[in-house]
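Observations on the three-dimensional arrangement
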Amino acid sequence: MKTKTKHDTLVVGVLLILFGAILVISLVTRKSGEQAYVKYKNTTMFAINLENGEFTKANNQTVYTVDALPDIQGDQLLIESIEFTDLTLGQGIVKYQNNYFILGNLGFIWIEYKDNKVRVKEETSPYNICSRVGFSDLQPIICLPNYVTIEFRDLGLDVIM
């Protein structure tokens, strides 16, 4: 009976070491995305090149470039204390430097690019789950109640813009 227990322990130990090695190798060799795609209801609104921060809008989007950082206050987007009302659901982007504001299902979403990564800095949502994710360049960011997702891909992959 002792021999079988030693054998089982040895097999479990070898399997744990093997799975641990696979995990370490996959973490070390993981490749971050080169491009972040911001989507509303699975339709791309814009993309951010994570290498250089270059912004590319989708063909049907209007970009409003502003000179001051907007502020989300409740259900309003304020620019220099004046309400900005030109955005509609999934249409239009307010851009200030590397900060982007869009209107999702429940309200405004503030997306920030910094140090080759993006995050949802602030959003209108009951639990603020997607803003808790923090900066990412690999793990998708999903704002489910707002129908907004941020996906990461290599530049070589074709994505309909």
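Just so you know, these numbers come straight off a predicted model, no measurement behind them.

**Things to note about the pairing of strand S9 (residues 99–103)**
Counting buried positions over the 5 residues of S9 gives 5, a clear majority of the element. With burial as the criterion, each face of S9 is covered, one bearing Asn99, Phe101 and Leu103 and the other bearing Tyr100 and Ile102. If you look at the hairpin formed by strand S8 (residues 93–96) and S9, you'll find 2 residues sitting between the two strands, and Gln97 has a positive phi there, around 50°. Alignment of S9 against strand S10 (residues 108–114), held across 5 bridges, turns out to be antiparallel. Within S10, the position partnered with Phe101 by the bridge is Trp110. Between the antiparallel neighbours S9 and S10 lie 4 residues, among them Gly107 with a positive phi of about 155°.

**Structural notes on the pairing of strand S2 (residues 43–49)**
In terms of residue burial, S2 counts as a mostly covered element, since 6 of its 7 residues are buried. With 6 bridges joining them, strand S1 (residues 35–40) and S2 adopt antiparallel strand pairing. Bridge assignment links Tyr40 to a residue of S2, and that residue is Thr43. Here S1 hands over to S2 after 2 residues, with Lys41 in that stretch at a positive phi of 50°. Across 3 bridges, S2 lies against strand S3 (residues 55–57) in antiparallel orientation. Directly across from Phe46, in S3, lies its bridge partner Lys57.

**Here we look at the sheet that holds S3**
Pairing in this open sheet of 5 strands is antiparallel, and the strands run S3-S2-S1-S13-S12 from one edge to the other. Looking at the sheet topology across the chains shown, the edges are occupied by S3 and strand S12 (141–143). Geometrically, the sheet is characterised by an average inter-axis angle of 20° between neighbouring strands, direction not taken into account. Where S1 and strand S13 (residues 148–153) come together, 6 bridges link them in antiparallel fashion. For Ala36, the partnering residue across the bridge sits in S13 and is Phe152.

So, how was this worked out
- Residues numbered from 1 in each chain as written.
- Predicted model: local features only at pLDDT ≥ 70, side-chain atom pairs only at ≥ 80, totals over all residues.
- Heavy atoms only, no water.
- Buried < 20%, exposed > 50% of the residue type's maximum accessible area, 1.4 Å probe, protein only.
- Helix = DSSP H or I, 4+ residues; strand = E, 2+ residues; numbered from the N terminus.
- Pairing = 2+ DSSP bridges.
- Axes fitted to C-alpha atoms, helices over the stretch in contact; angles between N-to-C directions.

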